[in-house]
Amino acid sequence: MSSRKPIRKAVFPVAGLGTRFLPATKAIPKELLPVVDRPLIQYAVDEAREAGIEQMIFVTGRGKTALVEHFDIAYELESTMGERGKDLSVLEPTRFTPGDLITVRQQVPLGLGHAIWCARAIVGDEPFAILLPDELMVGEPGCLAQMVEAYEQVGGNLISVLEVPREEVSSYGVIDPGASQGALTEVRGLVEKPPVDKAPSNKIISGRYILQPEVMRTLENQETGAGGEIQLTDAMAAMIGDQPFHAVTFAGRRFDCGSKTGFVEATLALALERDDMGADVRRIAERLLAQ
Ligand code: G1P
């Protein structure tokens, strides 16, 4: 057993407007768009639960109430299904004990760093995780579980990273990598959305974090950075040197569901793997590709 404080809380920034998916996201939060038959947010919540997270903190905004509805008990639905003898186990992952899902509102879209800071009172004085639901991570164990295991060894702050083609780095937070050992790489520096020729590597932050609570203090005074937003990456960069900082290369697959093509890729990949439909989807895909 490790003597480190366990990671019990996770923050999900879900206040974004989802403009890239309009008109689909006009009335529906983008985090509720389904990949096959599970909404994006459910994949992230399931990943957090698997990693031992007990309390989920959603940083939401106006028009995002349906996200909370999704994790509530739908009494009419359940009683009707029950009367008809239907299997309710499909709803199991949507269940929460009251108090284990908490929301806080980000009133104005000032950036990812600001969204995380909005959760400071609920996070309190303990290390916590962050999951960006746009990044769909598929692995066994899941990405956050792999990070929790690494955290038990090295403590401090951890981010998940993966390599992308160099010309894509400007869309992401990028690490300046130090020494590596297995899946762990020391982080010497971090820069948000650098121009390609200024990027310190092609290893990008892929949307999973384990951070010490001090980051909230840093965010408090964080000035705006890339895109005129308060950037989490800048606050993390300011902590390097004071606390251990490592990157974990995720052993698994990542789908960028913040983009339409990534979303289609995730849908196809996961549908092809399903026992109940994989063979049919393969036949359909082959037929479409032959046209
Ligand atoms: C955010 C982070 C960035 C990270 C990315 C992963 O950027 O700021 O460091 O690499 O998520 O998806 P955003 O996609 O919100 O612009």
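Within any chain, residue numbers begin from 1 and follow the written order of that chain's sequence. In keeping with the predicted nature of the model, local features appear solely for residues at pLDDT of at least 70, side-chain atom pairs appear and are counted solely at 80 or more, and the whole-chain, interface and lining totals rest on all residues. To obtain the side-chain values, all non-hydrogen atoms of the structure were included, while hydrogens and water were left out.

Caption draft 1: Quick peek at helix α6 (residues 143-154). When the terminal C-alpha atoms of α6 are compared, their 17 Å separation across 12 residues agrees well with the 16 Å that a helix rising 1.5 Å per residue should span. Categorising residues by exposure relies on relative accessible area from a 1.4 Å probe, with only protein chains included: less than 20% of the type maximum marks a residue as buried, more than 50% marks it as exposed, and the intermediate range marks it as partly exposed. In this text, helices come from DSSP runs of H or I with a minimum length of four residues, and strands from runs of E with a minimum of two, each type numbered from the N-terminal end. Within the span of α6, buried status applies to Cys143, Leu144, Ala145, Gln146, Met147, Val148, Ala150 and Tyr151. One or two steps after α6, the chain reaches glycine 155, where phi turns positive at roughly 65°. Under the convention used throughout, the expected extent of a helix is 1.5 Å for every residue step, that is, one less than its residue count.

Caption draft 2: Main features of the side chain of glutamate 126. For glutamate 126, the position within the fold is in the loop between α5 (120-123) and β6 (128-131). Taking relative accessible area as the criterion, glutamate 126 reaches 13% and is therefore assigned buried. A polar side-chain atom of glutamate 126 sits 2.8 Å from a polar atom in the side chain of arginine 8. Throughout, a contact is declared for two residues whenever any of their heavy atoms are within 4.5 Å. Setting aside chain neighbours within four positions, we find glutamate 126 in contact with Lys5, Pro6, Arg8, Lys9 and Pro213. N or O atoms closer than or at 3.5 Å make up a polar contact, with two conditions inside protein: a donor-capable atom paired with an acceptor-capable one, and, for residues adjacent in sequence, both atoms drawn from side chains.

Caption draft 3: Broad picture of the nonpolar core. Counting residues in each nonpolar core, the largest one holds 32 residues, and the members touching the most others are Phe12, Ile41, Phe58 and Leu144. Elements that contribute at least two residues to this core include exactly β1 (9-13), α1 (40-50), β4 (55-60), β6 and α6. With seven residues, the single largest contributor to this core is α6. The contact partners of leucine 144, leaving out residues within four places of it in the chain, are Glu47, Ala48, Ala51, Ile53, Ala129, Leu131, Tyr209 and Ile210. What makes a nonpolar core is a set of buried Ala, Val, Leu, Ile, Met, Phe, Trp, Tyr and Cys residues whose side-chain atoms join them at distances within 4.5 Å.

Caption draft 4: Examining the packing of helix α9 (residues 260-273) against helix α10 (residues 278-290) more closely. Whenever a helix is involved, its axis is fitted only over the stretch in contact; in every case the axis is a line through C-alpha atoms, and angles between N-to-C directions fall within 0 to 180 degrees. The contact between α9 and α10 brings their axes to 6 Å, and the two run at 130°. When the axis of α9 is compared with that of α10, the two are oblique. Contact with α9, carried on its side by Leu268, Ala271 and Leu272, involves Gly278, Val281 and Arg282 of α10 and no other residues of that element. The residue classification treats Ala, Val, Leu, Ile, Met, Phe, Trp, Tyr, Cys and Pro as nonpolar and Asp, Glu, Lys and Arg as charged. All others, Gly included, are polar. Of the residues in the contact of α9 with α10, the class split is four nonpolar, one polar and one charged. These descriptions rest on fixed angle ranges, namely under 35 degrees for roughly parallel, over 145 for roughly antiparallel, 65 to 115 for roughly perpendicular, and the rest for oblique.

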